[in-house]
Amino acid sequence: MNEKSISIVFMMSWIICTSATVCTSQKKWKLQECIDYAIKNNVQLRRLRLNADIAQLSWDNAKHSRYPSLSSSASQNFSLGRSLSYDNTYVNQNVNNTSFAISTDIPLFTGFRIPNTIKLNMLNYLASKSDVEKMENLLCIDIFEAYTQILLCKENLYISKYQVELDSIQYESAKALEQVGRLSYIDVSRQNALLSQSRMSYTQSLTNFRSSLLAMTQLLNLSSVDGFDVADSLQGNVYDAIDNPHEVYQKALASRPEVVAEKYRAEAARKAVAVAKSYRYPQLSLSGGLNTHYYYSSHADNNTFFCQLKNNFSQSISINLSIPIFNRFETRNGIKRAEIESKSQMLTLENTESELYQTIQQAYNNAINAQMNYQACCDAVTSCKDAFTLVTSKYNSGRVNAVEYSDIKSKYIESKCKLLQAKYQLLFAVKKLKFYGGESLNVM
């Protein structure tokens with residue numbers, strides 16, 4: 001019985017230290033697959049991409065505003081009864097009037113409004129693209145955190161499962177010893193209580209695991225959690241160096257899309273001021289047209305339709321100059337409004353940079369704390385393992401009762417669970433900090 005119990009203890013220790021591999025036929029999603037799928041199918045991201053498409057169309061329209069406009073028109077008019085005739089008298093007659101026209105308009109000078117509007121819309125488009133990248137980054141962080149949570153819950157589930165199997169064997173052994181008089185009924189009851197507690201822990205671990213899967217499938221917009229699972233391990237090194245927060249911040253200022261987007265918007269706001277000021281300047285345009293018409297009267301000799309179209313054909317060209325003098329202070333107030341919005345956007349940029357620095361500082365602090373916690377958990381596992389091995393030997397020889405054995409075993413299991421949690425917390429904290437510095441989250 002002693003050799004069997006000792007082998008069980010070593011089996012449990014090996015199982016706790018290395019996660020069991022569960023062979024299933026269902027697909028196991030890797031981290032990068034989850035990220036790629038979420039980026040492709042996330043509803044909010046798809047909406048932001050549509051907003052970027054709209055901004056691109058606005059930019060395209062602005063670029064085309066410097067081109068000439070061309071339009072054509074045609075009209076047909078019928079007049080019956082008393083009307084003015086060619087000799088300037090009113091007579092009863094039927095009149096048929098047909099006209100055709102083509103006109104064009106070319107902007108020559110608009111106070112630099114057109115080039116500034118083009119740059120304004122280009123910057124808004126680039127900001128919209130950066131908004132898409134920002135949302136992708138946030139989604140990557142959420143996916144990575146949910147992924148590590150699944151792995152943590154899965155390993156805790158493995159531990160709980162095999163703890164139930166171990167306690168079941170111990171319980172059966174205790175009942176056998178009771179039958180030969182080596183253990184009392186109280187000892188068997190205590191062992192049964194340990195088994196019940198392990199089963200309760202397994203149920204809780206299973207609940208946590210299913211909840212973590214549900215959280216991931218919701219991020220991926222999957223219709224059901226049934227059949228969903230992730231790959232069993234991450235290859236990230238928990239001993240990776242923790243980057244300096246000031247260096248990470250300097251890299252983030254140049255690459256983080258939330259900062260880049262606000263920089264684009266700040267520059268666009270300055271262009272909006274230039275657009276508002278353009279209304280102070282004169283506006284110069286060139287226009288021209290081609291016109292012809294056909295006229296028929298029942299009280300006159302009328303040439304044929306095509307003959308009149310040819311004879312009545314005319315061309316026109318004009319240069320139009322508009323000089324603003326007074327428009328009830330609309331231009332002045334528009335400029336002031338644009339300047340205020342520009343200042344407001346600069347404050348938004350400053351606030352975004354400040355929030356980014358605070359976020360990086362918090363990520364660095366979390367990484368340092370997670371590293372210290374991980375080392376403390378490693379020390380705790382080593383101590384609890386030695387104590388558990390010693391108490392197990394005494395328990396098998398009858399020198400320790402079930403209560404003491406249960407207490408040290410619970411502490412050992414708890415220390416292993418805390419070590420797993422500390423491991424994934426450290427991995428997530430370190431990778432998150434590096435991600436702010438521009439590195440990829442893919443650690444598969």
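Structure's up top.
Let me sum up the structure you'll find in this document.

### Overview of the pattern of salt bridges
As enumerated under the stated definition, the model contains 11 salt bridges in all. As a salt-bridge pair, Glu262 and Arg265 come within 3.6 Å of each other at their nearest N and O atoms. Placement of the pair is Glu262 and Arg265 together in helix H7 (residues 257-277), with a separation of three residues, close to one helical turn. Note that Lys418 is salt-bridged to Glu414, the shortest N-O span being 3.3 Å. Of the two residues, Lys418 and Glu414 both sit in helix H10 (residues 402-436), four residues apart, roughly one turn of that helix. Glu414 sits in the partly exposed class, given a relative accessible area of 42%. The network of salt bridges with shared partners includes Asp131, Glu262 and Arg265.

### Observations concerning the state of the cysteines
Evaluation of the coordinates by the stated rule reveals zero disulfides. Free cysteine: Cys140, not disulfide-bonded; nearest cysteine sulfur from Cys34 at 11 Å. Here Cys384 stays unpaired: no disulfide links it, and the sulfur of Cys377, its closest cysteine neighbor, is 10 Å away. Judged by its relative accessible area of 18%, Cys384 is buried.

### Some points on a nonpolar patch on the surface
Residues Leu321, Ile323, Ile325, Phe326 and Phe329 make up a contiguous nonpolar surface patch of about 620 Å² in total accessible area. Within the element layout of this structure, Leu321 appears in strand E6 (residues 314-322).

Criteria and thresholds
Residues numbered from 1 in each chain as written. Predicted model: local features only at pLDDT ≥ 70, side-chain atom pairs only at ≥ 80, totals over all residues. Heavy atoms only, no water. Salt bridge = Lys/Arg side-chain N within 4 Å of Asp/Glu carboxyl O. Helix = DSSP H or I, 4+ residues; strand = E, 2+ residues; numbered from the N terminus. Buried < 20%, exposed > 50% of the residue type's maximum accessible area, 1.4 Å probe, protein only. Disulfide = S-S within 2.5 Å. Patch = residues over 30% accessible without salt bridge, like charges linked within 9 Å, V, L, I, M, F, W, Y side chains within 5 Å. Areas by Shrake-Rupley, 256 points an atom, 1.4 Å probe, with all protein chains shown as cover.

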